[in-house]
Each structure stands twice: as structure tokens, then as C-alpha cells.
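Here are the chains, one letter per residue:
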Protein chains: 4
Amino acid sequence: MRVGFIGLGIMGSRMAASLRRAGHDLTVYNRTRATAETWAAEHGATVAATPAEAGAAADVVITMVVDGDQVRDVLLGPGGVAEGAAPGTLCVDMSTIAPSETRAIGAELAEHGLSLLDAPVTGSAPRAEDGTLTIMAGGEREDFERAKPLLEAMGALVLHVGPLGQGEMLKLVNNAVAAANAATLAQALVVAKATGVDLKALVAVMGAGSGGSTMLTLKAGPMLEHDYTTLFKLEHMLKDVRLCLEEGQTAGVPFPVAAATREALSAAMGRGHADDDFAAVLEAFEGLAGVRL
Amino acid sequence: MRVGFIGLGIMGSRMAASLRRAGHDLTVYNRTRATAETWAAEHGATVAATPAEAGAAADVVITMVVDGDQVRDVLLGPGGVAEGAAPGTLCVDMSTIAPSETRAIGAELAEHGLSLLDAPVTGSAPRAEDGTLTIMAGGEREDFERAKPLLEAMGALVLHVGPLGQGEMLKLVNNAVAAANAATLAQALVVAKATGVDLKALVAVMGAGSGGSTMLTLKAGPMLEHDYTTLFKLEHMLKDVRLCLEEGQTAGVPFPVAAATREALSAAMGRGHADDDFAAVLEAFEGLAGVRL
Amino acid sequence: MRVGFIGLGIMGSRMAASLRRAGHDLTVYNRTRATAETWAAEHGATVAATPAEAGAAADVVITMVVDGDQVRDVLLGPGGVAEGAAPGTLCVDMSTIAPSETRAIGAELAEHGLSLLDAPVTGSAPRAEDGTLTIMAGGEREDFERAKPLLEAMGALVLHVGPLGQGEMLKLVNNAVAAANAATLAQALVVAKATGVDLKALVAVMGAGSGGSTMLTLKAGPMLEHDYTTLFKLEHMLKDVRLCLEEGQTAGVPFPVAAATREALSAAMGRGHADDDFAAVLEAFEGLAGVRL
Amino acid sequence: MRVGFIGLGIMGSRMAASLRRAGHDLTVYNRTRATAETWAAEHGATVAATPAEAGAAADVVITMVVDGDQVRDVLLGPGGVAEGAAPGTLCVDMSTIAPSETRAIGAELAEHGLSLLDAPVTGSAPRAEDGTLTIMAGGEREDFERAKPLLEAMGALVLHVGPLGQGEMLKLVNNAVAAANAATLAQALVVAKATGVDLKALVAVMGAGSGGSTMLTLKAGPMLEHDYTTLFKLEHMLKDVRLCLEEGQTAGVPFPVAAATREALSAAMGRGHADDDFAAVLEAFEGLAGVRL
């Protein structure tokens, strides 16, 4: 398939490489052109001068950029994909943005005869490297089927999860659950400390049973050391939880534990942990309790 | 070792069998004597007429009964272990009761020259059968070392977690985390439903990534089916969360997510789910949102 | 009417004086007998050597003691009212205790042919002095009508609020609302401080409008000064909120904001404010936010 | 003083009338011009064709419109105040908008040599009629002093509360407290119902004591009747609480009870109460508990 790929950052460059390995023809665009040229030289690809050019050369255009403003810009701005792509071209946005933004962008693309899937990913750089990401796509079923060979080149678990925006929504819900589970863990450690429980034993017991979670596996160790080396920035997690709550409010559905978690993340941000890993939510509960692990 | 074993219920009978397999001599007591006699005929053991008799014949007495009142009764009541056991005998209570009760019972046993470990377990009947329970013990280190061969015959993960009562406390914290993670899951499913997300896809994605948890694995399926076949009764979970909060209050340490979870469990109980599995906490959030999965 | 009055503390002595002013005959009992004798000499009353004696001399016996154990003791213990009072005597407990205790005591009194009203009060010593307390009574309507002349001698607002225990329950709900409003106020002050709002202006504006409350009137000034001079001890408020949640759990009804407030009170207690006024709940939120007013 | 007044809605028309009564010269603008002409004929004023015209004729321009977009439009849009007003003119925005929007608009007005106060009000139409509103102003002290005679013509309590935006912020905090107190009241009523307490007695007792609040006075009656006749729309209250939380997040300060209240308001909105009075938050708690008052 002829694929346009826009955004060759840490994740995007690895995802595009998976597409090349699967034998697809790529035209790539990156804001910093040198990055695109280096990548193209290494992996074999055409470099586009504008997103419009990438769009003109492709059946499917994938975007993997930072936020909703950038997605809008490369798809609909001056020199954007919509200016170059032939009607019928499929856009697949794999960035993490608000579902409402996705739907607004989709409506505008439709006016140009272009369709849109939202297909955000979970999984870090190593899994992008291996092509084993989890990919959750929202949009028309037929568009999903069309993009599926590409998505399966990048991901191990590739799911169609509902209409446009639902990929993003699912990701927000997942992240809110992760944040809530991490906040629960942090509180449990503080309570255990204050009541004299051995913290390493607690972590071991929970891991072997009903208190286990991915967050326990990933964050208990760092929390015990107050080591907030960033895997996922607290301010990014805070943004995702906030977006989840915004979408919930629009739908008139409450998510109390996510709301409480947001406030704790906010308190940790106020203590200077915006750029730290969101495991730093622990600091909020230590402050509340006046207890240090 | 000469072991007294009191309480041959679903868990106790399997745990005692593990001790027999490991070659220990058992004197068993059960409130319903016929149960003890059947068990003794099958596994080989002496049947005691009273807890005192079991205590007199043992170096270590294990109790596995229903609640704090029963523990107190078999250890300190008329015909209880304390009446028969020689000074220096070690009691190991493996029931789940409040840490404060454990400590009170321990203090009374000490007046009789008896020492106490609290060693509650996590894991269900099959793991009791296999001798692969998780066992967390509180009490003096030397008492733990003395009981260790017995505990290791019953458990795969056996830990000394602090002074007397800390085994119980650790278990309460673990269960509160489990309940909170289950409540978070329930809320996420309701939010996902109301915002149009595919629920099975959500469960698959969370399971593959940061939203994963033991509760997701065990409870998501039942929640999606509103199938509350009891693995662990809601009212028992509610009791454990309440006890955890009580201990937290005594220590002056807050556990906000557990407090919120307790209220949700209470709301589910008010809807008639006391005897259902605690997955029925979902009903509280469905009621709050006015949304049915 | 012939009235037995048990418990001449700060509140009880003033309440009994109101009954004397209204012309009732009093037989008084106090644990420390000298207190009773001094009071009797001043106001005119017979001093009883035991609660039983006070019960024998009365149509209605009022108790105003510290907690449920004391209520049980003076009514049902050795030398208690039940030993002396003739069948048909009415007991009116004006102490603040758990509704479930009230009902249990009521059931035992009934076995002696005695009936019980629970009639806790709100209002402080000056209002006890003036006979302008608020009194909320639970029990049989006919018992209430019988006690009404006495209650109206002590209170300005006297209400029958439901069956036995409902006076206590109403008081617990009122106190939980007060605690929650105070916690909300404390949070608002911390948020206002962190966002640069003039705190005195905030208090003035709220007092003039929709943010106003009795708690604002009573606690905003002390909070701004971190002055926790005790009007109502934090640990007593914490006890009342806890009892309210316990009763709610028994009824299967959630009270989320009270549960959250309890955890904040618990955190303040952990910081050493058990004996301070419950305005010290502010300290928990200052700790959470890392912000000092 | 020469005053431009923009926005003659329910509140604005009454506030402008207060200014006329105090003898100020008014040039008025309203989007629907007929409204302005009717008002001017009745009260005596010049009608402007555009906000720019109103700005050109005034020393101080007051805006009282619906939201931040409208404020921006009449001040900075085509034909806006900034096009007509002489440098040094003072703008006073009395609408309720986000503090961050206020600050952004203030910065743009400064580029035109215009200064800005934010001066939102609390109090309903009758108090606008009487000139007894509460007015909280943010901005430079000297700008406040300049506007003070005008503000005092409209309000009984007029306060300078901090830098630009702090009037809005204070109002948001006040409204969040009001919403939280109303949510607490709703929960208390549900708990009281489920535990058998007489609800009218509860309301009376709370009103006489520590559980009292403006919300109790205004909303308890309507809640008991499920009468949600709109005084302040639920969706507007939800917006204010959301804005308060957004500002809190920006400052890194948590407001847990407001976050919980937002979710309850959201749940009530999802049940169809967006246009009802925010007393309808009761419906969320009735749904959670499965209890109807």
C-alpha cells in the first residue's frame, strides 16, 4: 500500500519502520526535515516537503504527532493533507487527542471527501520497535478493514472499538483506570506505613493475589524509593484524566474515582512534579497524611 | 511437630491435610465433632473433645475459624486452648479478624504463658488444597521461625510482616486495594458504556496494558454479565474495608479511596447484594449514572 | 412532675435547673456525690444515693451522661434505674450515643416494663442555661407527649422525629453535615489562597450569599488564624461522623461526602489535633495541597 | 460619570437602572437594538449602534453579557469597544467568565491603552433591582477606586479582592462551595430517609444549628418536593464548578469536594436535568442509593 507517514518522533519513527518491514511504500513528512531525510535514507522512503505532498502520494495517511492542534494543522492547515490528497484517501490519526477534537476534525475532512480513523496506541518505544503495540481504532468498519494490514504491522493487539473518537475515548478510560489504580496503590502504601506493615511484604502479597495490578508491578518499586524517573509524565497523565472527565461530563456520566485522582495529581503537580513520572502522585497522599514512606 | 488444628471448614480441612502430607502429627478439633472424626479417619489424626485437649497435645495450635468471637472462644473461652496448653505453646491464628482483636487476644494469651502469631491467608480452596496459599504472619520473629515449617507446608509465599496484628492489617490493606480496583473497574465500564466505547475491547486493551489488574481479570467478565455468583461475599468485603478504615482511623491515617469504595459497597448492599459477589458494587455505579451495561 | 435527673455535668446541671425553674420536683444523682449535693442545696432537690433510688422516686428519669456505656450502666447496671423504677416509668436519655445502642438499651428496659425516649440536644452551655436548646426525640408518640412539658422547659425547638433511636440518628446526620460543610470551607480557603484570592473578601462574599453556612460563621475566622481553641473536639466530631457512617452502612445507604470528611478528620487527628476544635480539619487539606493559609 | 453599558438582559437592565438613579450619564448598547431603545426611552440614555460607539462616549464601559466569547467580542471584536474608546478608558466586566479568559482579554485591552476590572456579582434579579448586589472586583487598586462609585450604586457589598481575574476566581470558589453544600444536603436527606429520620424535623434542626447553610434555606424545601424550578440552572452550576477545578489545576491545588460534586452534577445532567435548578443534584444521590425521598 502507498502510505504517507507524518511525524517521525520516538514512537512514529519506530512505527513507520514496522510498516517498511512489512513492505509498504512510504512517503514521510516531519516538521524538522532533516529528521525525515535521515530516516528515509536508512529505511528507504520518499521525503515530502509538505503534508499535502505526503497526502498526494498515498492511499492512507498516518499521523503521529503531539496534540490536537498539530493534528489539525498537518491535516487541515495550509499545506495540509487535505490540500493534496485525492478524495477517498483515508487518514489514520494515531496521536492521543480529545475524542471531541477527533470528531470535529473528521467532520471537516469529510467535506474534502476524506475519511478518518482514530487509532491511538498503548505501549512504549520497545513495543513500537517490535511492532507489538496495542492499537484501538474508532471509525467506520470499512475504513478499519482498509487500514488493518497497516495497523497489524505495527501492533500485536489491533481492535475496532466503535465509531470515530472511540479509540481515543477508550485510551482515556484506560489511562484514567491506570491513574486511579496508581493513586490507590500510593494510598495503600501510606496507610501500611502508618500502621506498621512491612511495605515490601505488602507489595509481594498484593502481587500474588487480589491486590495485583500493572500499576503495582510498575510503580510500587519507584514509589518506595521516591524515584520519579519519568516513564509517563505526571502532567500528561493529568491531561488524559482531565480529558476523560470532560468527555464524561459531556455524556452526563460520572467517574468519581477519576475525579478524585485528578485532584491528587493536581496536588502533586503543585508540589513541583509536573515533569516527573505520575508515580509522584504519592507525594500528595504523603502530604495529606503527614507520613513519609 | 505436634500440631493442634482447630476449625476444619472448607479452608481449614485442606490446610490441615497439607500439614499431614508434610508428616506432622495432628490433634484436630471441630465444633461439629462428626466432621473432625470423618477427617481424622481419612487423613490420620487424633480427635480432641475440646480445644483444651487439642492444646494439651500440641507444641503449636492453629486456629482457622470464622471471626474474632470464635477465635476468642476457642483460645480463651471455657474449655479453650488456654486451659489445656502448657506454657510455651505457640498459637497461630490463621482466621481473618481485626488487628486490634488479635492484639487483645495476644495480650490475654500472654498471661497464660502462651504466645500468638496472626497468620491470615489469601488464596481460595484450590490453593489451600495444593498448599500454595499466600500467608502473611505478624508476631515475634522467633515465633515465626518456629511456625515456619508448618506455614510453608500450607503456603507458597510465606512472609513475616511485622509485630502481632500486622498479618491481619496487611490482609485488610490488600483487600481494600482489591475492592478499590474493582470499584474503579466498575466505574470505567459505566463511563465507557455511556460514551459508546466497545466494552469487550476496553477489557482487552486494559488487560494488555496499564489498566490491567487481578480484579480486571477476575471481575470484568462477571460485571459485563451482571453475574454475581459469589467468590467473595460483598458483605465480607465491606467488613474488611470497614476494618481497614477503623485501623486507619486509630492510627490517624486517611485512606480516601477505600472510604469511597466502602460507601459504594454499602449502596450495593442496600440494593440487596449482601450475599452476592462484591462485583455487584457495579450496581451502585449503574444506579448513580442511570446507565446499565 | 416527679423527675429523676442523672448526670449533673456542664450541660446536665443547666438543664436540670431549667426543670426546677418550671416547677418540677427533682431527685438528682451524680457519680461524684458532692456535685449533686451542692447542686441540690442551690436549686432545691433530693439527692439519690444510686440511680435506682432516683428511679424509684420519679415518673420520668432523664439521663445526661458521656457515652453509651455510661447510659447502660446507670439504667441497667447494678444499682441502676431498672432496679428501682416502677413499671411504667419513662426514661429519657439526652446523651449522644449510637442509635443502635439506644435501641438495644430500649429493648432491655422494655423487659423491666420501662419505656425509653432518646432525646439528644444541640446547642452549647449558654443555650442550656437559657432553656433554648434544640431537642430531637425518638420513640413512641405517647411517650414523647408525656415528656414534652419537661423537654419544653429545656428547649426552644422540641421535635418528635421518629421511632426510638431517630433522635440520635438525626443528630448524627446534622453533625456529619456540619463536619462536611467545615471541610468544604477549609478546602475553599486553601484553593483561594493558592489562586491568589483575598481570603477575608471570600469569607465576606460567601457570608452574604450562596456560600454561607453556620460553619462559615463559626469556623472561617479560627481557620484563618489557625486557632483551634476547642468548641467541639475533633475526636468527638470524628466519632459522630463514624457512627453516622456505621448506621448508614447498616441501612445500606451511602454518604460519600461524610466518608471523605471522616478521612480528612482522621488525617488531622494523625497530625496531633484530636483534642483541638474540629476546625483543625484544615490542617489535612493544607498538608494535601502543600499550601499554608 | 459618563458610562457605557453593554448588555441589557435580566441583570444588566436592572444594574444600568441603578446607575441612572445615581445620576450617571449612560450610553447603552444591546445586541437586539430594540431592547436598548425601549430601555433608553424609559430611563433616559443614549443608544449606541455599536460597542465602539458606546466606548467612544464613556469614561467607563461596563459589560454584562453571557460568556467569555461575548465579552471578547464586544470589547475586542469588529466594532468593539477597543475600536472606539480613548486610551485611558476603563472597562469593567461584570459577566461571569473564566479568570484565565479575563486575564487574556485584559492583556489585549492593555495593548490598546485600556484597562480592565473584573467585577462579577452574586445576588439575583431582585437584588439587582434594589442595587444591593454583592460585587467582587479584581484588578488594579486605582482602577477599582475609579469604578467604585458606579459599583456602589449597584451593590451593597463591594470589595476589591486582588489582581485581575480574582473577582471571577472568588465567585467560582463561592459557587463551588454552594454546590458542595447543596450536594451534602442532598446526601444527608437520602441518608435520613433510608434510616427513618423525619425529614422536616431534620431540616428544622439543621437550620437551627451547626448544619445550617444558605443552601439548606434555599434548596431543602424544593428537594423534598423534587421541585426543580430553575433559580440557577444545573448546567451553569456545573460550568462554574468545572471552571473552578480548571483554575485549581492550573495552580496545582486540589479541591476534592468540588471534584466529587462535579461528578454528581454531571450524573444529574445525564438524567436530563441540565436546564433544571441544580437542586436536581439530589437525583444523582437518589440513584446511587436506590432511595427516593
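Residues numbered from 1 in each chain as written. Chains lettered and ligands numbered in written order. Predicted model: local features only at pLDDT ≥ 70, side-chain atom pairs only at ≥ 80, totals over all residues.

Caption draft 1: Spatial organisation of the overall build of chain A. The number of helices and strands found in chain A is 14 helices and nine strands. Since a compact globule built from 293 residues should have a radius of gyration of about 19 Å, the 21 Å found for chain A is in line with a globular shape. Out of the 293 residues in chain A, the part that is buried amounts to 67%. Contacts in chain A between residues at least 24 apart in sequence constitute 64% of all its contacts with a sequence separation of at least 6. (Helix = DSSP H or I, 4+ residues; strand = E, 2+ residues; numbered from the N terminus. Rg over C-alpha atoms; globule rule 2.2 N^0.38 Å. Buried ≥ 20, exposed ≤ 12 C-beta atoms within 10 Å, placed from the backbone. Contact = placed C-beta atoms within 7 Å.)

Caption draft 2: Focus on the pairing of strand β2 (residues 25-29) of chain A. Residues and elements named next belong to chain A. Within β2, four of the five residues are buried, leaving the element largely enclosed by the surrounding structure. Alignment of strand β1 (residues 2-6) against β2, held across five bridges, turns out to be parallel. Across the sheet, the residue bridging to Phe5 is Val28, located in β2. Each parallel crossover has a hand, and for β1 linked through helix α1 (residues 10-21) to β2 it is right-handed. Sheet topology note: the β2/strand β3 (residues 46-47) ladder contains two bridges and is parallel. Following the sheet pairing, Thr27 is matched in β3 by Thr46. Regarding the hand of the β-α-β motif, the stretch spanning β2, helix α2 (residues 33-43) and β3 is right-handed. (Pairing = 2+ DSSP bridges. Right-handed = clockwise from strand over helix to strand, strands pointing away.)

Caption draft 3: Here's a closer look at the packing of helix α9 (residues 166-194) of chain C against helix α10 (residues 199-207) of chain D. With their axes 10 Å apart at the nearest point, α9(C) and α10(D) run at an angle of 50° to one another. Relative to α10(D), α9(C) is oriented oblique. Judged by the twist between their axes, the crossing of α9(C) over α10(D) is right-handed. Touching Leu170(C), Val173(C), Asn174(C) and Val177(C) of α9(C) are Ala201(D), Leu202(D), Val205(D) and Met206(D), all from α10(D). Looking at the contact of α9(C) with α10(D) residue by residue, the classes come out as seven nonpolar, one polar and no charged. (Axes fitted to C-alpha atoms, helices over the stretch in contact; angles between N-to-C directions. Parallel < 35°, antiparallel > 145°, perpendicular 65-115°, else oblique. Left-handed = near helix turned anticlockwise from the far one by under 90°. Nonpolar A, V, L, I, M, F, W, Y, C, P; charged D, E, K, R; others polar.)

Caption draft 4: Structural view of the interface of chain B and chain A. Each partner contributes residues to the interface: chain B has 58 residues there, and chain A has 58 residues. Listed by contribution, the elements that provide at least two residues to the side of chain B that touches chain A are β8 (133-138), β9 (155-162), α9 (166-194), α10 (199-207), α11 (214-225), α12 (234-251), α13 (256-273) and α14 (281-289) of chain B. The greatest single-element share of the side of chain B that touches chain A, amounting to 20 residues, is contributed by α9(B). Split into classes, the residues belonging to the side of chain B that touches chain A amount to 37 nonpolar, 19 polar and two charged.

Caption draft 5: Representation of the interface of chain D and chain C. Taken residue by residue, the interface counts 58 residues in chain D and 58 residues in chain C. Put simply, the parts of the chain that give the side of chain D that touches chain C at least two residues each are β8 (133-138), β9 (155-162), α9 (166-194), α10, α11 (214-225), α12 (234-251), α13 (256-273) and α14 (281-289) of chain D. Sorting elements by how many residues they give to the side of chain D that touches chain C places α9(D) first, with 20 residues. Here the residues of the side of chain D that touches chain C sort into 37 nonpolar, 19 polar and two charged.

Caption draft 6: Geometry of the environment of Val173(A). Mapping Val173(A) onto the fold places it in helix α9 (residues 166-194). Val173(A) gets classed as buried once you count the C-beta atoms within 10 Å, which come to 27. Considered as a pair, Val173(A) and Phe255(A) are 82 residues apart in the sequence and their alpha carbons are 9.8 Å apart. Other than its neighbours up to four places away in sequence, Val173(A) contacts Cys244(A), Ala188(B), Val191(B), Ala192(B), Val197(B) and Leu202(B).

Caption draft 7: Molecular detail of the relation of the copies chain B and chain A. Rotating chain B by 180° about the axis while translating it 0.0 Å along that axis superimposes it on chain A, leaving an RMSD of 0.1 Å. The transformation relating the two chain copies, once decomposed into turn and shift, fits a two-fold axis. Nearest to the rotation axis, the C-alpha of Ser213(B) is located 1.8 Å from it, this being the minimum over chain B. A high fraction, 100%, of the interface residues of chain B reappear at the interface in chain A, so the copies pair face to face through one surface. (Least-squares fit on C-alpha atoms with pLDDT ≥ 70 in both.)

Caption draft 8: A look at the relation of the copies chain D and chain C. Structural alignment of chain D on chain C gives an RMSD of 0.1 Å, achieved by rotating through 180° and translating 0.0 Å along the axis. When you check the interface residues of chain D against chain C, 100% turn up at the interface there too, and the contact is symmetric in its surfaces.

Caption draft 9: A look at unusual backbone geometry. Residues and elements named next belong to chain A. Located in the positive-phi region is His226, a residue other than glycine, with phi close to 50°. Note on placement: His226 falls in the loop between α11 (214-225) and α12 (234-251). Given 13 C-beta atoms within a 10 Å radius, His226 is considered partly exposed.

Caption draft 10: How the structure looks around the nonpolar core. Ranked by size, the top nonpolar core spans 476 residues in total, and within it Val28(A), Val28(B), Val28(C) and Val28(D) carry the most contacts. Ignoring sequence-local partners within four residues, the contact set of Val28(A) consists of Phe5(A), Leu8(A), Ala16(A), Ala36(A), Trp39(A), Ala40(A), Ala45(A), Val47(A), Ala48(A) and Ala54(A). (Core = buried A, V, L, I, M, F, W, Y, C linked by C-beta atoms within 7 Å.)

Caption draft 11: Examining the confidence of the model for chain A more closely. On average, residues of chain A score 96 in pLDDT, and 100% of them are at 70 or above. Listed scores for the predicted complex are pTM 0.94 and ipTM 0.93. (pLDDT = per-residue confidence, 0-100.)

Caption draft 12: How the structure looks around the domain arrangement of chain A. All names here are of chain A. When the domains of chain A are assigned, the result is domain 1 (2-162) and domain 2 (169-289). Each partner contributes residues to the interface: domain 1 has eight residues there, and domain 2 has six residues. For the side of domain 1 that touches domain 2, a count of residues per class yields five nonpolar, three polar and no charged. (Domains from an automatic or database assignment.)

Caption draft 13: Spatial organisation of α2(A). All names here are of chain A. Taken residue by residue, α2 has Ala36, Trp39 and Ala40 as its buried positions. An end-on view of α2 places all buried positions within 100° of arc, on one side of the element. Summarising the geometry of α2, the exposed residues directed more than 90 degrees from the buried face are Ala34, Ala41 and Glu42. Among the residues trailing α2, Gly44 stands out with phi positive, at a value near 85°. (Arc of directions from axis to C-beta.)

Caption draft 14: Structural context of α10(D). Looking at α10(D), one finds that the buried residues are Ala201(D), Leu202(D), Val203(D), Val205(D) and Met206(D). In this structure, the buried side of α10(D) is in contact with β7 (121-122), β8 (133-138), β9 (155-162) and α9 of chain C together with α9 and α11 of chain D.

Caption draft 15: Region of the structure containing the environment of Val60(B). All names here are of chain B. By secondary structure assignment, the location of Val60 is in strand β4 (residues 60-63). Sequence-wise, Val60 and Thr89 are 29 residues apart; in three dimensions their C-alpha atoms are separated by 5.8 Å. Beyond its immediate stretch of four places on either side in the chain, Val60 contacts Met1, Val3, Leu90, Val92, Ala147 and Leu150.

Caption draft 16: Quick look at the packing of α9(A) against helix α13 (residues 256-273) of chain A. Residues and elements named next belong to chain A. Relative orientation of the contacting elements α9 and α13 amounts to 65°, with a least axis distance of 9 Å. Classed by the angle they form, the pair α9 and α13 counts as roughly perpendicular. Of the two possible hands of crossing, α9 and α13 adopt the one that is left-handed. Residues Ala176, Ala179, Ala180 and Ala183 of α9 touch α13, and the partners they reach there are Val257, Ala258, Thr261, Ala264 and Leu265. Of the residues assigned to the contact of α9 with α13, the class counts are eight nonpolar, one polar and no charged.

Caption draft 17: Looking closely at the environment of Ala156(A). Residue and element names in this part refer to chain A. Inspection of the secondary structure puts Ala156 in strand β9 (residues 155-162). Here Ala156 falls in the partly exposed class, since 14 other C-beta atoms lie within 10 Å of it. Considered as a pair, Ala156 and Leu218 are 62 residues apart in the sequence and their alpha carbons are 21 Å apart. Residues within four places of Ala156 in sequence aside, it is in contact with Thr132 and Leu133.

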